[in-house]
Amino acid sequence: MAVRRFLCLSAAGLLALLLFAVPLPPGAAAAPAPTGADRGSAEPALGLSGRLHVSRADGTTRIRALSTVRLVLRGDEPLAIEIDPAAQPLLVVQQQPDAQTVYSLTAPSVRAILTGEPLELLGLEMEGAGVDPSAAQVRIRRLTVPSLAGWIPPLQLEAGLSRQQSDIAVSGTLSALDGRISGRIDGTADIAADTGRVEVSVRPIRFQPRTLQPVDIAPALAAETDLAQVTGQLGGTVTLRWQDGPPSTVFRVTARDLGFIVAGVRVQGLAGSVSLDRLVPIRTPPGQRLTVALIDPGMPATNGAVRFRFDAAGRLRVDHAEIEISGGRLSLHNVVIDPRSPRHDIVIFADGLDLAEVLERADVPGASARGRISGTIPVSLSADGVIIADASLTTDAPGLLRYRPAAPTPALPSDDPRIRLLKGALEDFRYDTLSVSLDGRTGAAWQSRLRISGRNPDFLEGQPFILNVNIEVVPGASVLELGDARFAVGDALPIYNALFGVRFLEWLGNTITALRPAAR
């Protein structure tokens, strides 16, 4: 029965020991406990092994463990509890005529295995009155899950159990890291109906550099990521429910104004709540939503939002995501990302990028523009980097493009007639259309084609021009092609970072790659 999960470390263990508190004579060693077959096949089998010393005086029975005591409940959810021997009594039961029985259980070291998951408890104490161990106060000085030792810190727990007929309630507190993490445990269970609910809630954890960081809570993070300078709040709840069958668990994590640096990328203002109803593989209900104020991988993107879910196969389904960049917006829709896949092909929509802000972010001396540009950016993301194929952006309406450097550009010879024509036109070019394309991959040269049609009213009597320029974009040494001539033009990559969000796309690719499960 699922309710056994609720009582596994309190009522079940104490109940088995209470079976021996009264009938054994002083100094006797414990015999094997009655099994379920002795009491009827309807109940789960119960086994007890170990050596116990029992003494009784003045209505007080003391039971001390002389060897490791092992209790086994064999049912739908197998439970094993091991209690190490200690000098002090394991169980003290005080029985006086016409008075309620008072008991206390003290176990310095306990190990429990429930459905294959081990737990370790240090400093277990339980106190109660009456013969029902499901009404008691429980204290645990240190509770650990060995398999998750790198992810969950040791917990301290104090809770009260109360019972009324078939209903059992639990209420208590938990803490870790000297109180820097704290929370509550609340729950109810109906034994007769085999239904119940337990909720563990963690109060918002406040992160500050040099005070508390995620690696202080989960040391395993140090080997997984270079997460640093974390600020903001993170809290959550774990809710366990059951009704005539296996329990269901819902995890809810809430972030508020979370900021951090990871892999050299600065993130600020991450906020939202995410619910998970399964951890392996991860699964969420539909409609999860997160917002972020800033992602800055070298080209800042702001005011982002994503609506998503993880499906039953652990695939990330992005219903909609958008973020502002270069005065406009990048967005994507209905994208499926399978963490097991080595490559993901997506289409990003660029809407209304501000050419003035593009040039300002790219820091091109003497260049200015007016107008907005939109289009599509087909992208392939993998561990090898970003591949962009046939990306194309086109202005939404006529505008202005000016290039008036304060000093001559040494790489562009002024005596070349093609360069003189280009410079003269661009001093005050009123374009009708402007389009730019991009192909290539990170770590290699990008190939771009710039096409502009329009005129400069003060150059060649306003003669119309159609300018076709090919550019090989290489960090620090881009090359401009006019016909069969090639001219070095310095670093054009910042312009393409601002136009196509190349650095942002690299960050996106690295993030998706990090979602891939480790090879086994």
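Quick look at the structure, then. All values derive from a computational prediction rather than experimental measurement.

Cut-offs and rules
Residues numbered from 1 in each chain as written. Predicted model: local features only at pLDDT ≥ 70, side-chain atom pairs only at ≥ 80, totals over all residues. Heavy atoms only, no water. Helix = DSSP H or I, 4+ residues; strand = E, 2+ residues; numbered from the N terminus. Buried < 20%, exposed > 50% of the residue type's maximum accessible area, 1.4 Å probe, protein only. Contact = heavy atoms within 4.5 Å. Polar contact = N/O pair within 3.5 Å; in protein donor to acceptor, adjacent residues only side chain to side chain. Pairing = 2+ DSSP bridges. Patch = residues over 30% accessible without salt bridge, like charges linked within 9 Å, V, L, I, M, F, W, Y side chains within 5 Å. Areas by Shrake-Rupley, 256 points an atom, 1.4 Å probe, with all protein chains shown as cover. Salt bridge = Lys/Arg side-chain N within 4 Å of Asp/Glu carboxyl O. Arc of directions from axis to C-beta. Phe/Tyr/Trp six-rings, centres within 6.5 Å; stacked < 30°, edge-to-face > 60°. Axes fitted to C-alpha atoms, helices over the stretch in contact; angles between N-to-C directions. Parallel < 35°, antiparallel > 145°, perpendicular 65-115°, else oblique. Left-handed = near helix turned anticlockwise from the far one by under 90°. Nonpolar A, V, L, I, M, F, W, Y, C, P; charged D, E, K, R; others polar.

1. Describing the overall build of the protein chain
Consideration 1: Tallying secondary structure elements over the protein chain gives nine helices and 30 strands in all.
Consideration 2: Across the 520 residues in the protein chain, those meeting the buried criterion constitute 42%.
Consideration 3: Within the protein chain, counting contacts between residues at least 6 apart in sequence, those at least 24 apart form 50% of the total.

2. Side note on the side chain of Ser 448
Consideration 1: Looking at where Ser 448 falls in the secondary structure, it is placed in strand E27 (residues 446-455).
Consideration 2: Of the polar contacts made by the side chain of Ser 448, one reaches the side chain of Tyr 496; its length is 2.7 Å.
Consideration 3: Ignoring any residue separated from it by four or fewer positions in sequence, one finds Ser 448 in contact with Val 436, Ser 437, Leu 438, Val 469, Asn 470, Ile 471, Val 473 and Tyr 496.

3. A short note on the pairing of strand E26 (residues 429-441)
Consideration 1: Relative to E26, strand E24 (residues 385-395) is paired through six bridges, and the arrangement is antiparallel. Pairing of Ala 391 across the sheet is with Leu 438, part of E26.
Consideration 2: Both strand E25 (residues 399-403) and E26 contribute to a ladder of three bridges, which runs antiparallel. In the sheet register, Leu 400 faces E26, and the bridge partner there is Arg 430.
Consideration 3: Taken together, the nine bridges between E26 and E27 define a ladder with antiparallel strand orientation. By the bridge assignment, Asp 439 is partnered in E27 with Gln 447.
Consideration 4: Where E26 folds back on E27, the antiparallel hairpin that results is connected by four residues, among which Gly 443 adopts a positive phi of roughly 85 degrees.

4. Looking at the pairing of strand E5 (residues 79-83)
Consideration 1: Of all five residues making up E5, four are buried, and the element is well covered by its neighbours.
Consideration 2: The sheet contact formed by strand E4 (residues 69-74) and E5 spans five bridges and is antiparallel. Its bridge partner being in E5, Arg 70 is matched across the sheet by Glu 82.
Consideration 3: Alignment of E5 against strand E7 (residues 102-114), held across five bridges, turns out to be antiparallel. The residue of E7 that forms the bridge with Ala 80 is Ile 113.

5. A word on unusual backbone geometry
Negative phi is the rule for most residues except glycine; trans is the rule for most peptide bonds.
Consideration 1: Of note in the backbone geometry, Asp 178 takes a positive phi value of approximately 55 degrees without being a glycine.
Consideration 2: With respect to the helices and strands, the residue Asp 178 is situated in the loop between strand E11 (167-176) and strand E12 (181-190).
Consideration 3: You will see that Asn 303, though not glycine, has its phi angle at about 50 degrees, which is positive.

6. Re a nonpolar patch on the surface
Consideration 1: A surface patch of nonpolar side chains, about 260 Å² in accessible area, is lined by Leu 148, Trp 151 and Ile 152.
Consideration 2: Looking at the element boundaries, Ile 152 is found in the loop between strand E9 (136-144) and strand E10 (155-164).
Consideration 3: With a relative accessible area of 38%, Ile 152 lands in the partly exposed category.

7. Structural notes on helix H6 (residues 355-362)
Consideration 1: Within the span of H6, buried status applies to Leu 355, Val 358, Leu 359 and Ala 362. One face of H6 carries all of its buried residues, which in axial projection span an arc of 90 degrees.
Consideration 2: Sitting at the head of H6, Asp 354 places a side-chain oxygen 3.0 Å from the backbone nitrogen of Ala 356.
Consideration 3: Two residues or fewer after H6 comes Asp 363, characterised by a positive phi angle close to 55 degrees.

8. What to know about the packing of aromatic side chains
Consideration 1: Under the definition given, this model contains four aromatic pairs.
Consideration 2: Arranged with centres 6.1 Å apart and planes meeting at 5 degrees, the rings of Tyr 496 and Phe 500 form a pair that is stacked. Taken together, the residues span about one helical turn, with Tyr 496 and Phe 500 both in helix H8 (residues 493-500) at a distance of four residues.
Consideration 3: Look at Tyr 496 and you get buried, because its relative accessible area is 4%.
Consideration 4: Its relative accessible area of 0% is what places Phe 500 among the buried residues.

9. Points about the side chain of Asn 497
Consideration 1: Position of Asn 497 among the secondary structure elements: in helix H8.
Consideration 2: Beyond its immediate stretch of four places on either side in the chain, Asn 497 contacts Met 299, Val 502 and Arg 503.

10. Structural notes on the packing of H6 against H8
Consideration 1: Taken N-terminus to C-terminus, the directions of H6 and H8 make an angle of 140 degrees; their axes are 8 Å apart at the nearest point. Between H6 and H8, the crossing angle belongs to the class labelled oblique. Between H6 and H8 the crossing geometry is right-handed. Residues Leu 355, Val 358, Arg 361 and Ala 362 of H6 form the contact with H8, whose participating residues are Pro 494, Ile 495, Ala 498 and Leu 499.
Consideration 2: Within the contact of H6 with H8, the residues separate by chemical class into seven nonpolar, no polar and one charged.

11. Comments concerning H8
Consideration 1: Buried residues dominate H8, accounting for six of its eight residues.
Consideration 2: Those residues of H8 that sit buried are Leu 493, Tyr 496, Asn 497, Ala 498, Leu 499 and Phe 500.
Consideration 3: With its phi angle positive at about 60 degrees, Gly 501 sits one or two positions after the end of H8.

12. A closer look at the pattern of salt bridges
Consideration 1: Per the counting criterion, the structure on display carries 21 salt bridges.
Consideration 2: Between Glu 322 and Arg 329 there is a salt bridge, with the nearest N and O atoms lying 3.9 Å from each other.
Consideration 3: The class for Glu 322 is partly exposed, based on a relative accessible area of 29%.
Consideration 4: On the basis of relative accessible area, Arg 329 is assigned to the partly exposed category, the value being 31%.
Consideration 5: Arg 361 serves as the salt-bridge partner of Glu 357, at 2.9 Å between the closest nitrogen and oxygen. Of the two residues, Glu 357 and Arg 361 both sit in helix H6, four residues apart, roughly one turn of that helix.
Consideration 6: Arg 361 gets classed as partly exposed once you look at its relative accessible area, which sits at 31%.
Consideration 7: Connected via shared salt-bridge partners are Arg 70, Glu 82, Asp 84 and Arg 111.

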